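What follows is the residue order along each chain.
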Amino acid sequence: MIPVLTAAQSRACDQGAIEGWGLPGIALMEVASRGVARVVRELSPRRVVCVCGGGNNGGDGYGAARWLHLDGIEVAIWALKEPSTGDSKTMAAVCDAMGIERVDGLGDADVIVDGILGTGVTRAIEGELAEVVEAINAHPAKVVAVDLPSGLDGDTGGPLGGPVVQADRTVTFGYAKRGLFGPQGITHAGRWQVEPLPVPEPEGDDVAMLVEPSDVAGLWPRRAEGGHKTRSGHLLVVAGSRNMAGAAVLCCLSALKAGTGLVTLAIPAGALPRLGALPPEVMVHVAGDGDVVDVTALPEIGRFTAVAVGPGLGGGEALPEATVHWLRRVWVDGDVAVVADADALVAVAGPGGAGERVVTPHPGEAGRMLSAAAGFGAGVSGGSEGVDSAGSRTRTRTGTGIGADGVEGSVSGSGADRRAEGIDSAGSRTRTRTRTGTGLGADGVDGSVSGTGTGTGLVQADRFSAVRALAGSRVAALLKGPYTLVAGADGIRVLPVVCPVLSTGGSGDVLTGLIGSLLARGLGAQDAAVLGGYVHGQAGLALARRRTTGHTAGDIARALPAVIDELMESRDAPGPAHR
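Criteria and cut-off values
- Residues numbered from 1 in each chain as written.
- Predicted model: local features only at pLDDT ≥ 70, side-chain atom pairs only at ≥ 80, totals over all residues.
- Heavy atoms only, no water.
- Core = buried A, V, L, I, M, F, W, Y, C linked by side-chain atoms within 4.5 Å.
- Buried < 20%, exposed > 50% of the residue type's maximum accessible area, 1.4 Å probe, protein only.
- Helix = DSSP H or I, 4+ residues; strand = E, 2+ residues; numbered from the N terminus.
- Salt bridge = Lys/Arg side-chain N within 4 Å of Asp/Glu carboxyl O.
- Pairing = 2+ DSSP bridges.
- Right-handed = clockwise from strand over helix to strand, strands pointing away.
- Phe/Tyr/Trp six-rings, centres within 6.5 Å; stacked < 30°, edge-to-face > 60°.
- Lys NZ or Arg CZ within 6 Å of the ring centre and 35° of its normal.
- Contact = heavy atoms within 4.5 Å.
- Axes fitted to C-alpha atoms, helices over the stretch in contact; angles between N-to-C directions.
- Expected span 1.5 Å × (residues − 1).

Caption draft 1: View of the nonpolar core. Trp220, Val237, Leu265 and Val535 are the most contacted members of the largest nonpolar core, which totals 62 residues. Among the elements that make up this core, the one with the highest residue count is helix 15 (residues 525-546) (10 residues). In this structure, Trp326, Val336, Tyr483 and Val494 belong to the second largest nonpolar core, which totals 53 residues.

Shown next as structure tokens:
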């Protein structure tokens, strides 16, 4: 696994080398700048302009300029500020001694090196610096970012409010940075790579890790020679309704394709006419005569090795009170492993019972779960008023302990009283309540984010803190999206998948069945979530290699066996597996 660090963790690694080992800081800068120059050369530049700030990020830019100059590449330096650190001053002085050109603008560069700001930025870029970033983004040249695109929040990859450099390539140093995996990181970093540095490995339980194939290949359960079907688990799927029977079909199909020995579907009689696509291998338990599941008619869950619950369960409507109570009882008191998704997420919270527990929300569902866990209306204090672009009054009230991200993540709506909740950059839970006049949108003066009142904006502003807040010692939380995150007792895992093929209706139902299958076959909560999420993502990537459009969730489920087979072959092959 590859460590994924916060800005503070990255600084600690650098300091470990400098103060603990006695390695001069400029030696680290030399290695980093050479890596940047190597990537620039891959772009076959005609003329390079290195845009350098005053800190160590700028020092890396000066160093890259020197390496490029020595290679005979035409290079110039646009210094936005005189160097403020000793190492940066040294790098700048050497460039001047070598006669490298100084300029005041980008000119006709065909490659730009962004050495303005590094991981330490915590506020929006404004003023003249914002104009420089906007000039870089408007220029036709390719852009190589040093460590992170300037203006990107290195800890969250979420919005800081100002412009962010749009890079084509990013060279990050030592280890990966969390900011690369947030929404703006995905958008602005382009293709990124890690340039190794001679620094200590990061320490602490809160270091997130990027999953590689070799990390998961050994987790997939094998069927024993001569094993009975019951040895491969019996999964109960409680899903589907008259309006959403397809969700249950996809969940069951996925569980079978993942190798579950037995699958039983509990579904209401009203949905039976819509089960024509259900695999014949699935056993059906009719749970009530209505259009949604009657929990009083469910089988005894102790007969099963795991339960997958939620997809299509409510048929687009709120769950009946009896269903909510049943879900809570199973979650809190049950001994059987449970994966909860979709409609079931409204009823699951807390550490759960003796069995393994997995939740798989998308950002909107995660926001609602965090909101429900904290509640609203208590401890509200302070606030602010202003006017939006249309001249309407706005008011924002914040709960005690809210961090800087809280206001920026407030949810707004026309003429509505909306509530949202999330976490700040330190991992503390935050609450916001925003009353907005008509016309307030994402550009409103209070910095709020348009949404539906679910806290989606706050979750996306710091996905790492959100997934950590959802997890527990026996509960693994999988937060869907590009670079899906999984948190549990072993910390946070980042899944290396950005794949639009997965953005299709029913894809989450396939994931629920896949994780349910792994739980039924005996995996722990976090291993099941990591392995299931990884294989699900690889199935999407396999389909994308065939064609980019036209794939359905059913295609993802049917692609699972080949991906699983490839993963198991990599486990059996000599030597390590490589991504």
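We are not done yet, so read on.
Caption draft 2: The pattern of salt bridges, seen in detail. For the coordinates displayed, the defined rule picks out 14 salt bridges. For Glu30, the salt bridge is made with Arg66, and the minimal N-O distance between the two is 2.6 Å. A residue pair is termed long-range when its members are at least 10 positions apart, and Glu30 in helix 2 (residues 25-42) and Arg66 in helix 3 (residues 56-70) qualify at 36 residues. We classify Arg66 as buried; its relative accessible area is 10%. The network of salt bridges with common partners includes Arg46, Arg47, Glu74, Glu101 and Asp108.

Caption draft 3: Structural detail: the sheet that holds strand 14 (residues 306-309). Reading across from one edge, 8-1-10-25-24-23-16-15-14-11-12-13 is the order of the 12 strands in this open sheet, with mixed pairing throughout. The open sheet has two edge strands with one neighbour each: strand 8 (176-177) and strand 13 (283-286). Relative to strand 13, strand 12 (residues 262-267) is paired through 4 bridges, and the arrangement is parallel. The partner of Thr264 across the bridge, within strand 13, is Met283.

Caption draft 4: Looking closely at the pairing of strand 12. The buried fraction of strand 12 amounts to 6 of the 6 residues, a majority that puts the element mostly inside the structure. Burial along strand 12 is two-sided: Leu262, Thr264 and Ala266 and Val263, Leu265 and Ile267, pointing in opposite directions, are all buried. Where strand 11 (residues 234-238) and strand 12 come together, 5 bridges link them in parallel fashion. Across the sheet, the residue bridging to Val237 is Leu265, located in strand 12.

Caption draft 5: The arrangement of the pairing of strand 3 (residues 74-79) in detail. As paired strands, strand 2 (residues 47-52) and strand 3 are joined by 6 bridges and run parallel to one another. What sits directly across from Cys50, in strand 3, is Ile77. With helix 3 bridging strand 2 and its parallel neighbour strand 3, the resulting β-α-β unit is right-handed. The pairing of strand 3 with strand 4 (residues 101-102) spans 2 bridges and is parallel. Paired with Ile77 across the strands is Arg102, a residue of strand 4. Each parallel crossover has a hand, and the one from strand 3 via helix 4 (residues 86-97) to strand 4 is right-handed.

Caption draft 6: Structural detail: the packing of aromatic side chains. Taken as a whole and assessed by the stated rule, the structure comprises 2 aromatic pairs. Relative to Tyr483, the ring of Phe181 has its centre 4.7 Å away and its plane inclined at 85 degrees; by these criteria the two rings are edge-to-face. Taken together, the positions of Phe181 in the loop between strand 8 and helix 6 (183-188) and Tyr483 in the loop between strand 23 (475-479) and strand 24 (485-488) put the pair 302 residues apart, joining distant regions of the chain. The cationic tip of Arg66 hangs over the ring face of Trp67; the distance from NZ or CZ to the ring centre is 5.2 Å. Lying over the aromatic face of Trp331, Arg357 brings its terminal NZ or CZ to 5.5 Å of the ring centre.

Caption draft 7: The arrangement of the environment of Gly151 in detail. Along the chain, Gly151 turns up in the loop between strand 6 (142-146) and strand 7 (169-173). Sequence separation between Gly151 and Val164 is 13 residues, and the spatial gap between their C-alpha atoms is 4.5 Å. Excluding anything up to four places from it in sequence, Gly151 contacts Ile125, Leu160, Pro163 and Val164.

Caption draft 8: Main features of the sheet that holds strand 5 (residues 111-115). Reading across from one edge, 4-3-2-5-6-7-9 is the order of the 7 strands in this open sheet, with parallel pairing throughout. Only two strands of the sheet have a single neighbouring strand rather than two, namely strand 4 and strand 9 (191-195). Here strand 6 runs beside strand 7; their pairing, made up of 3 bridges, is parallel. Looking across to strand 7, one finds that Val144 is bridged to Arg169. Its contacts with the sheet place helix 2 against strand 2, strand 5, strand 6, strand 7 and strand 9, and it is angled at close to 160 degrees to strand 7.

Caption draft 9: View of helix 8 (residues 245-257). Helix length check: helix 8 (13 residues) gives 19 Å between terminal C-alpha atoms against 18 Å at 1.5 Å per residue, within 8%. Counted residue by residue, helix 8 has 10 buried out of 13 residues, so it is predominantly covered. Among the residues making up helix 8, those that are buried are Ala245, Ala247, Ala248, Val249, Leu250, Cys251, Cys252, Leu253, Ser254 and Ala255. Just downstream of helix 8, Gly259 is the residue with a positive phi angle, here 100 degrees.

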